[in-house]
Amino acid sequence: MPVRDQRTPESQTMPEPSQFELSSCTDDERALIVNTPGAVLKGAVVSDGSTNALVFLKEVTAGAKVFKQAQKHENAFVKSVALALKQRGPDDDADLPVDDAAMTEALKLAGEVADLLYRKADPADAAAYTAWLLHLATEVAKAVKTREGGLFSRKVAVTENERMFLDDLERALQR
């Protein structure tokens, strides 16, 4: 005889409380967890190769929206990271991305944070955090439609270079 789920519908939709908290991390672990979203944002911004100020502004605005939405994320761990970023303020991460080194740094940190979280955190928290990082980069990449092949080509939401960065990021986040 199959076992029935005894939970009420309300408990089935309520998010599970986070088992892993920033306060339980060492200073280095906390810094890695909190700094990686900013690095991913920078990597995604430079991945299209554009130096257009309006494109930059639209991409950063898309990233800011993702950060703001994360302050109400259903996963308590992702929400705590977003709130830590908000408390930290903009001056702590004010370096503008200027070259492809931002992509390399983003991928390096993403791999390190994924290793850390899949080793120490609740699997649901690790999955939610890594999915959030990928969502952040995807939203930044989709912020501006561009003509990849020149004036007469169709506009694309994500350029080939952005797609390559997103694919590399996804691989770095998998465990």
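Residues numbered from 1 in each chain as written. Predicted model: local features only at pLDDT ≥ 70, side-chain atom pairs only at ≥ 80, totals over all residues. Heavy atoms only, no water.

Peer 1: It is not clear to me how the overall build of the protein chain should be interpreted in this structure. Could you clarify?
Peer 2: Secondary structure summary: the protein chain contains seven helices and two strands in total. What you see in the protein chain, going N to C, is helices and strands ordered as α-α-α-α-α-α-β-β-α. In the protein chain, buried positions account for 39% of the 175 residues. With an accessible surface of roughly 10,700 Å², the protein chain has 54% of that area assigned to carbon and sulfur atoms. (Helix = DSSP H or I, 4+ residues; strand = E, 2+ residues; numbered from the N terminus. Buried < 20%, exposed > 50% of the residue type's maximum accessible area, 1.4 Å probe, protein only. Areas by Shrake-Rupley, 256 points an atom, 1.4 Å probe, with all protein chains shown as cover.)

Peer 1: Looking at this structure, how should I read the packing of aromatic side chains?
Peer 2: Applying the stated criterion across every chain, the model contains three aromatic pairs. With 5.9 Å between their ring centres and 75° between their planes, Phe67 and Trp132 make a pair best called edge-to-face. Here Trp132 lies in helix H6 (residues 123-141) and Phe67 lies in helix H3 (residues 53-70), a separation of 65 residues in the sequence. The exposure class assigned to Phe67 is buried, which follows from its relative accessible area of 17%. According to the relative accessible area criterion, Trp132 is buried, its value standing at 3%. An aromatic cluster is built from Phe67, Phe77, Tyr129 and Trp132, whose rings are joined through pairwise contacts. (Phe/Tyr/Trp six-rings, centres within 6.5 Å; stacked < 30°, edge-to-face > 60°.)

Peer 1: Could you clarify how one ought to interpret helix H4 (residues 76-88) in this entry?
Peer 2: Taking 1.5 Å per residue as the helical rise, H4 with its 13 residues ought to reach 18 Å, and the 18 Å between its terminal C-alpha atoms agrees with that figure. Where H4 is buried, its residues contact helix H2 (27-46), H3, helix H5 (101-120) and H6. The N-cap residue of H4 is Asn75: its side-chain oxygen and the backbone nitrogen of Phe77 are 2.9 Å apart. (Expected span 1.5 Å × (residues − 1). Contact = heavy atoms within 4.5 Å. Polar contact = N/O pair within 3.5 Å; in protein donor to acceptor, adjacent residues only side chain to side chain.)

Peer 1: Even after reading the chapter, I still don't get the nonpolar core, so can you show me in this structure?
Peer 2: It is characteristic of soluble globular proteins that their nonpolar side chains tend to be buried jointly. Of all hydrophobic cores here, the largest spans 45 residues; its most connected members are Ile33, Phe77, Val81, Leu117, Tyr129 and Trp132. Breaking this core down by element, the ones donating at least two residues are H2, H3, H4, H5, H6 and helix H7 (160-173). Once residues lying within four places of it in the same chain are set aside, the contact partners of Tyr129 are Leu32, Ile33, Thr36, Pro37, Phe77, Val78, Val81, Val113 and Leu117. (Core = buried A, V, L, I, M, F, W, Y, C linked by side-chain atoms within 4.5 Å.)

Peer 1: Just to check I follow, could you spell out the confidence of the model for the protein chain for this structure?
Peer 2: Low-pLDDT stretches of the model should not have their predicted coordinates read in fine detail. The predicted model of the protein chain has a mean per-residue pLDDT of 84, with 77% of residues at 70 or higher. Per-residue pLDDT stays below 50 along residues 1-16; that stretch engages in four contacts with residues further than four places along the chain or on separate chains. (pLDDT = per-residue confidence, 0-100.)

Peer 1: What exactly am I supposed to notice about the pattern of salt bridges here?
Peer 2: Working definition: two side chains of opposite charge can pair if their charged atoms are close together. The final tally for this structure, using the stated rule, is five salt bridges. Between Glu139 and Lys142 there is a salt bridge; the shortest N-O distance is 3.4 Å. Look at Glu139 and you get partly exposed, because its relative accessible area is 26%. A relative accessible area of 42% places Lys142 in the partly exposed class. (Salt bridge = Lys/Arg side-chain N within 4 Å of Asp/Glu carboxyl O.)

Peer 1: Any chance you could explain the environment of Met164 here in plain terms?
Peer 2: With respect to the helices and strands, Met164 occurs in helix H7. Separated by 116 residues in the primary sequence, Met164 and Asp48 have C-alpha atoms spaced 9.9 Å apart.

Peer 1: Would you mind showing me how to read the packing of H2 against H6 here?
Peer 2: Packed helices, taken two at a time, are described by the angle between their axes plus the distance between the axes. The N-to-C vectors of H2 and H6 enclose an angle of 25°; their axes lie 8 Å apart at closest approach. Here H6 runs roughly parallel to H2, going by the angle between their axes. Note that H2 runs across H6; the crossing there is right-handed. Counting all contacts with H2, which are made through Leu32, Ile33, Thr36, Pro37, Val40, Leu41, Ala44 and Val45, the residues of H6 involved are Tyr129, Trp132, Leu133, Leu136, Ala137 and Val140. (Axes fitted to C-alpha atoms, helices over the stretch in contact; angles between N-to-C directions. Parallel < 35°, antiparallel > 145°, perpendicular 65-115°, else oblique. Left-handed = near helix turned anticlockwise from the far one by under 90°.)

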